[in-house]
Amino acid sequence: VGPQGAGKTTFGKMLAEELKTGFSDTSDVLVQLETARQRVLRERYKIMNRVIVDDPQFRDTSFPGWDEDKNRPTRELLVALGEAVNNVSPSFLTLSCFERGRVAAGMRGRSELKASRSLYCGYIKIVYIDREPGPEVSIDRLELTPADADYVVRAKTLEEAKYFAN
């Protein structure tokens, strides 16, 4: 857990390597969900375009929130999608991550933390990466703080955070 750009993914991957287990990030799960949804929408519009040939609305194949250069959803869309998923099932993203390994990154909200801890009967340990975020603009809606964590890694640099993972 931690602010956007603090090194959660890097720390999580290194920790997973040390523990000899898999790693997943909630953003990975959200990218898979949105990519599948976009495929369905594109197919739907192709079908509708055959029926409504003269409506220019259905000829546009670009979708808001999709970064064509990276061929993935934009960060803004992932944040909105994450909130929507957590409103329906606060433990879904954590469960999806833990299907891939014992280390997960990206938890954002207190409802997510409460549902996940309840589901796993206290076996979840939260590590908060307390480091100044990278240069990207933070648009995440992070509710969790170091006080919510079992462990806090305070590091000034990403190299220091990596050190704690080993």
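For the structure, check the block above.
In this report, we go over the structure that sits alongside the text. Keep in mind the model is a prediction, meaning the values are calculated, not measured.

Focus: the pattern of salt bridges
Part 1 of the reasoning: For the structure shown, the criterion picks out four salt bridges.
Part 2 of the reasoning: Between Glu 34 and Arg 37 there is a salt bridge whose closest N-O contact spans 2.8 Å. Taken together, the residues span about one helical turn, with Glu 34 and Arg 37 both in helix α2 (residues 26-51) at a distance of three residues.
Part 3 of the reasoning: Exposure remark for Glu 34: the relative accessible area of 2% places this residue in the buried category.
Part 4 of the reasoning: Take Arg 37: its relative accessible area is 39%, and that puts it in the partly exposed class.
Part 5 of the reasoning: For Arg 117, the salt bridge identified is with Asp 150, shortest N-O distance 2.7 Å.

Comments concerning helix α5 (residues 110-119)
Part 1 of the reasoning: When α5 is considered as a whole, its buried residues turn out to be Glu 112, Leu 113 and Ser 116. Seen along its axis, α5 keeps its buried residues to an arc of 95°; they face one direction. The exposed set on the far side of α5, more than 90 degrees from its buried face, consists of Lys 114 and Ser 118.
Part 2 of the reasoning: Just downstream of α5, Cys 121 is the residue with a positive phi angle, here 50°.

Some thoughts on the layout of surface pockets
Part 1 of the reasoning: Put simply, the largest pocket is a space of about 660 Å³.
Part 2 of the reasoning: Residue lining of the largest pocket: 27 residues in total, with Phe 98, Arg 102, Val 103, Ala 104 and Lys 125 positioned closest to the centre.
Part 3 of the reasoning: Within the residue set of the lining of the largest pocket, elements represented by two or more residues are α1 (8-19), α4 (92-98), β4 (103-105), β5 (127-130) and β6 (151-154).
Part 4 of the reasoning: Ranked by the residues each element gives to the lining of the largest pocket, the list is headed by α1, at five residues.
Part 5 of the reasoning: Size it by volume and the second largest pocket reaches roughly 510 Å³.
Part 6 of the reasoning: Lining the second largest pocket are 27 residues, with Thr 26, Arg 75, Gly 106, Arg 108 and Asp 140 sitting closest to its centre.
Part 7 of the reasoning: When residues of the lining of the second largest pocket are traced back to their parent elements, those giving at least two are α1, α2, α3 (75-88) and α5.
Part 8 of the reasoning: Taken together, the residues that form the lining of the second largest pocket break down as five nonpolar, 12 polar and 10 charged.

Description of unusual backbone geometry
Part 1 of the reasoning: Residues other than glycine seldom take positive phi values, yet Lys 20 does so here, at roughly 55°.
Part 2 of the reasoning: Topologically, Lys 20 is positioned in the loop between α1 and β1 (23-25).
Part 3 of the reasoning: Lys 20 gets classed as exposed once you look at its relative accessible area, which sits at 74%.

Looking at the side chain of Ser 27
Part 1 of the reasoning: Looking at the secondary structure, you find Ser 27 in helix α2.
Part 2 of the reasoning: A polar side-chain atom of Ser 27 sits 3.2 Å from a polar atom in the side chain of Arg 75.

Observations regarding the environment of Thr 10
Part 1 of the reasoning: For Thr 10, the position within the fold is in helix α1.
Part 2 of the reasoning: Residues Thr 10 and Ala 105 lie 95 residues apart in sequence; the distance between their C-alpha atoms is 9.5 Å.

Some remarks on the packing of aromatic side chains
Part 1 of the reasoning: Evaluated as defined, the whole model comprises one aromatic pair.
Part 2 of the reasoning: Ring geometry for Phe 98 and Tyr 120: centres 5.3 Å apart, planes at 90°, overall edge-to-face. Placement of Phe 98 in helix α4 and of Tyr 120 in the loop between α5 and β5 is noted, with a sequence separation of 22 residues between them.
Part 3 of the reasoning: Assessed through its relative accessible area of 25%, Phe 98 is described here as partly exposed.
Part 4 of the reasoning: The exposure class of Tyr 120 is partly exposed, given its relative accessible area of 24%.

Basis of the calculations
Residues numbered from 1 in each chain as written. Predicted model: local features only at pLDDT ≥ 70, side-chain atom pairs only at ≥ 80, totals over all residues. Heavy atoms only, no water. Salt bridge = Lys/Arg side-chain N within 4 Å of Asp/Glu carboxyl O. Helix = DSSP H or I, 4+ residues; strand = E, 2+ residues; numbered from the N terminus. Buried < 20%, exposed > 50% of the residue type's maximum accessible area, 1.4 Å probe, protein only. Arc of directions from axis to C-beta. 1 Å grid on protein atoms, 1.4 Å probe; cavity = no way out; pocket = protein on both sides within 12 Å on 5 of 7 lines; lining within 4 Å. Points joined across faces, edges and corners; volume = space filled by probe spheres on them. Nonpolar A, V, L, I, M, F, W, Y, C, P; charged D, E, K, R; others polar. Polar contact = N/O pair within 3.5 Å; in protein donor to acceptor, adjacent residues only side chain to side chain. Phe/Tyr/Trp six-rings, centres within 6.5 Å; stacked < 30°, edge-to-face > 60°.

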